[in-house]
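Descriptive structure summary
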Amino acid sequence: MLTTLKPQAEDKILKLMGMYRADPRDNKIDLGVGVYKDASGNTPVMRAIKAAEKRLWETETTKTYTSLAGDPGFHSAMSSLILGGDVPTDRIAAAATPGGTGAIRQALELVKMEAPGATVWVSDPTWPNHLSILKHLGIKTRSYRYFDNETRGLDREGMLADLAEVQKGDVVLLHGCCHNPTGANPNMSDWQDIAALLEKAGALPLIDLAYQGFGDGLEEDAAATRFIAGRLPETLIAASCSKNFGIYRERTGILLGLTPDTKSRDLAQGTLAYLNRQNYSFPPDHGARLVTMILTDEGLRADWMAELEEVRRSMLALREKLAGELRSRAGSDRFAFIAEHRGMFSRLGATPEQVDALREKHAIYMVGDSRLNIAGLNDRTVPILAEAILDVGI
Ligand code: LMR
């Protein structure tokens, strides 16, 4: 069997990571994979994580299994981080998962199990791994227009027109904040229209929340999720702690299932635990435990929030700086969208040839659809990128 396997298409983001590592040029700039980097190009362990790890090492007395759905303390800490006090706890089913990707996978497993004929709607574009997992699971997929390649903002009309075709029982995958890969996001009035369409159709929202705290702030970035969760009878939320706690390799995420009543919550809770058992049994605990310690300890939480805010502000400052450099060099405002976008990414709207030219001629790496990771920049490299963008004719 192992000799007849077919080669699998490589994930384009991970492929780019490999190409960057193999490039010997010492002036290379990595704007590819979505990992936060500070001004020196390092991805630091956050202060609160270090402190929690020390405390955990001193106090942890066992590594025996937690429960199948993960630690209930993690469920409640994450539920309140994401939902605030907005949803009664007896309506929330929860399972810890290996990262946000694990939560997406479990959510789609649940959809496949419960409604094998359902169509899952995804934004065009979306994170490539959404499409890859959907294909792997054999789930029917349709896309809704999302990005206006002229304005580099949200294609509001196109999105709402496409979502008006959603049918009862369909699932609509939404990015709760900091859209990946475009950086363009709906405003609150757009979210109201999205929610109304889903409600009218009787569709299930699946919200991917991988960047809470990277856009406009922890509370602001949860506002759309809270609004949808409060408005619709059922919502699935796949959240990641990789970015906002900087614990990428610990694989820490959560799947929340918001149900109309306690009876269906209990059913959903049992199903999430069952799905964990089928796929990997108990979820990883180390990262989840650190997150719980931080969220439930006043001092650690305050320090984490302060550092996250520094990270968020540094990305906003880089956006302003890049937009400013491009404004003065291009003599126009056509790159103003970079300062309007939120989160880690912006889609430049360049052609694949221009992206190739950036890499080949300028050693600047970004994903082929012209998504750039803002956090890969620093004060020194912003002018270099601005110059290169104009040089390749973007
Ligand atoms: C990204 O989009 O770059 C990140 O979410 C990392 C990944 O796994 O693709």
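Above this note sits the structure.
Each chain carries its own residue numbering, running from 1 in the direction its sequence is written. Local features in a predicted model are, by the rule used here, given only for residues with pLDDT of at least 70; side-chain atom pairs are given and counted only at 80 or more, and totals for whole chains, interfaces and linings are based on all residues. To get the side-chain values, take all heavy atoms of the structure and skip hydrogens and water.

1. Observations regarding the layout of surface pockets
Any empty space left between the atoms is revealed when a probe the size of a water molecule rolls over them. Cavity: a set of points on a 1 Å grid over the protein atoms alone where a 1.4 Å probe fits but cannot get out. Pocket: an open set with protein on both sides within 12 Å along at least five of seven lines, its lining residues, like those of a cavity, having an atom within 4 Å of a point. Grid points are joined across faces, edges and corners, and a volume is the space filled by probe spheres set on the points. Taken as a whole, the second largest pocket encloses approximately 600 Å³ of empty space. Together, 29 residues line the second largest pocket, and Leu110, Glu114, Leu204, Glu234 and Leu236 are the ones closest to its centre. Working definition: helices are DSSP H or I runs of at least four residues, strands are E runs of at least two. Numbering for both runs from the N terminus. If you list the elements that add at least two residues to the lining of the second largest pocket, you get helix H4 (99–114), helix H7 (188–201), strand S8 (204–209), strand S9 (235–240), strand S10 (253–258) and helix H9 (262–279). Take the lining of the second largest pocket: its biggest share by element is 5 residues, from H9.

2. What to know about the nonpolar core
For the purposes of this section, nonpolar cores are sets of buried Ala, Val, Leu, Ile, Met, Phe, Trp, Tyr and Cys residues that join through side-chain atoms within 4.5 Å. A 1.4 Å probe rolled over the protein chains alone gives each residue an accessible area, and that area as a share of the maximum for its type sets the label: buried under 20%, exposed over 50%, partly exposed in between. Counting 103 residues, the largest nonpolar core has Met78, Phe245 and Trp304 as its most contacted members. Element by element, the count of residues in this core is highest for helix H11 (residues 298–330), at 9 residues. Counting only domains with at least three residues in this core, you end up with domain 1 (12–45 + 313–391) and domain 2 (65–296). Here the limits of each domain have been adopted from an automatic or database domain assignment.

3. Here we look at the site of the ligand
Every residue near the ligand is listed here: Ile13, Val33, Gly34, Trp127, Asn180, Tyr211, Lys243 and Arg371. For the ligand, an oxygen atom lies 3.0 Å from a polar atom in the side chain of Trp127. Polar contact is defined as a pair of N or O atoms within 3.5 Å, subject to the rule that within protein one atom must be able to donate a hydrogen and the other to accept it, and that residues adjacent in sequence are counted only when both atoms are side-chain atoms. Contact between the ligand and Lys243: an oxygen atom at 3.1 Å from a side-chain N or O atom of the residue. Relative to its unbound accessible area of 260 Å², the ligand is 80% covered by the protein chains. The rule for a residue being near a molecule or strand is that one of its heavy atoms must lie within 4 Å of it. Per-residue and other accessible areas were derived by the Shrake-Rupley procedure at a 1.4 Å probe size, with only the shown protein chains allowed to occlude residues.

4. Details of the sheet that holds strand S7 (residues 171–175)
Two strands qualify as a pair provided DSSP detects at least 2 bridges between them. Spatially, 7 strands are ordered S2-S10-S9-S8-S7-S3-S4 in an open sheet, and the strand pairing comes out mixed. Each edge of the open sheet carries a strand with a single partner, namely strand S2 (92–97) and strand S4 (140–145). Pairwise comparison of adjacent strand axes, ignoring direction, gives a mean angle of 20 degrees for this sheet. Residue contacts are counted whenever heavy atoms from the two residues lie within 4.5 Å of one another. Axis angles are defined between N-to-C directions and span 0 to 180 degrees, where every axis is a line fitted to C-alpha atoms and, for a helix, only to the segment in contact. Across the sheet, helix H3 (residues 72–83) is in contact with S2, S8, S9 and S10; its angle to S10 comes to roughly 75 degrees. Against the sheet, H7 touches S7 and S8, its axis set at about 165 degrees to S7.

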